[in-house]
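Chains, contacts and geometry: an overview
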Amino acid sequence: PKAVVCYLCGQQYGTTSIKIHIPQCQKLFVKRENLKDKRERRALPQPPAGYMDQIQQGIIPGDAKIGEFNDMAFSAYNSNLKACSNCGRTFTDSALKIHMRSCRSLNGDLRRGSNNGGKKNNGLEMSSPRRRTTPGA
């Protein structure tokens with residue numbers, strides 16, 4: 001059976017299920033964004049060109065083209081992820097919060113996001129002790 005990638009969540013669904021999933025996923029995206037502070041809210045991402053037309057009409061590409069169709073949708077999904085300000089890796093909102101607890105900058109310093117485990121650092125970056133390695137060890 002063919003599976004189609006959702007451009008919003010990156011999950012795969014059957015060719016019939018995707019028609020049901022997309023409107024639900026759009027509503028969930030808007031609902032989650034409305035829970036955020038107004039400055040942090042994002043608009044509903046636009047689907048790739050021709051994506052929704054093909055989904056609505058049930059014209060899913062054949063086996064030879066389904067890979068390209070899914071790559072296009074997955075690229076759209078990836079473009080909507082947020083990048084870590086320290087290392088540049090991309091994450092969903094919830095995963096980024098968790099990642100920020102342990103992300104190290106390029107020079108090895110542990111940088112904390114707004115959730116620093118309750119420790120007061122007066123806006124200063126917290127660094128972790130560096131491990132020393134001996135040559136050949």
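As a starting point, this report considers the structure included with it. (Residues numbered from 1 in each chain as written. Predicted model: local features only at pLDDT ≥ 70, side-chain atom pairs only at ≥ 80, totals over all residues. Heavy atoms only, no water.)

**Observations regarding the overall build of the protein**
Under the convention used in this document: Strands here are runs of E lasting at least two residues and helices are runs of H or I lasting at least four, both read from the DSSP assignment and numbered beginning at the N terminus. The contact criterion used is simple: two residues touch if any of their non-hydrogen atoms lie within 4.5 Å. Calculation of accessible area relied on Shrake-Rupley with a 1.4 Å probe; when residues are assessed, cover is drawn exclusively from the protein chains displayed.
The secondary structure content of the protein amounts to 4 helices and 4 strands. When the elements of the protein are put in sequence order from the N terminus, they spell out β-β-α-α-α-β-β-α. Looking at the protein alone, contacts between residues at least 24 apart form 36% of all its contacts between residues at least 6 apart. Accessible surface, the protein as shown: approximately 9800 Å² in total, 51% of it carbon and sulfur.

**Digging into the nonpolar core**
Stated precisely, the cut-off is as follows: Put simply, buried Ala, Val, Leu, Ile, Met, Phe, Trp, Tyr and Cys residues joined by side-chain atoms within 4.5 Å make one nonpolar core. Residue exposure (1.4 Å probe, protein chains only): buried if accessible area is under 20% of the type maximum, exposed if over 50%, otherwise partly exposed.
Membership of the largest hydrophobic core comes to 15 residues, with the highest contact counts inside it found for Val-4, Cys-6, Tyr-7, Ile-18, Ile-22, Tyr-51 and Ile-55. Counting only elements with at least two residues in this core, the list comes to β1 (3–5), α1 (17–34), α2 (51–57) and α3 (63–79). Discounting residues that sit within four places of it in the chain, Cys-6 has contacts with Gln-11, Tyr-13, Ile-18, His-21, Ile-22, Cys-25, Tyr-51 and Tyr-77.

**So, the pattern of salt bridges**
Note the following rule: One speaks of a salt bridge when a side-chain nitrogen belonging to Lys or Arg is within 4 Å of a carboxyl oxygen belonging to Asp or Glu.
Considering all chains together, one arrives at 6 salt bridges under this definition. The partner of Lys-36 in a salt bridge is Glu-33, with the nearest N and O atoms 2.8 Å apart. Between Arg-42 and Glu-33 there is a salt bridge, with the nearest N and O atoms lying 3.6 Å from each other. Using a relative accessible area of 4% as the deciding quantity, one classes Glu-33 as buried.

**Focus on the packing of aromatic side chains**
Quick reminder of the rule: Pairing of aromatic side chains requires ring centres within 6.5 Å, counting the rings of Phe and Tyr and the six-membered ring of Trp. Pairs whose planes differ by under 30 degrees are stacked, by over 60 edge-to-face, and all others tilted.
One pass over the full model with this rule turns up 3 aromatic pairs. Ring geometry for Tyr-7 against Tyr-51: centres 5.5 Å apart, planes inclined by 70°, an arrangement best described as edge-to-face. Of this pair, Tyr-7 sits in the loop between β1 and β2 (12–14) while Tyr-51 sits in helix α2, placing them 44 residues apart in sequence. Taken as a pair, Tyr-7 and Tyr-51 share a single burial class, namely buried. Considering the side-chain rings of Tyr-51 and Phe-69, the 5.3 Å spacing of their centres and the 15° angle between planes classify their relative orientation as stacked. Of this pair, Tyr-51 sits in helix α2 while Phe-69 sits in helix α3, and the two are 18 residues apart along the sequence. Of the residues examined, Phe-69 reaches a relative accessible area of 3% and is grouped as buried. Among the aromatic residues, those joined into a ring-pair cluster are Tyr-7, Tyr-51 and Phe-69.

**Regarding helix α4 (residues 93–100)**
Let me state the cut-off plainly: Think of the arc as the fan of directions from the helix axis to the C-beta atoms.
Burial in α4 covers these residues: Leu-96, His-99 and Met-100. Taken around the axis of α4, the buried residues stretch over an arc of 95°, which confines them to a single face. Exposed and facing more than 90 degrees away from the buried side of α4 are Ser-94, Lys-97 and Ile-98. On the buried face of α4, the contacting elements are β3 (82–83) and β4 (90–91).

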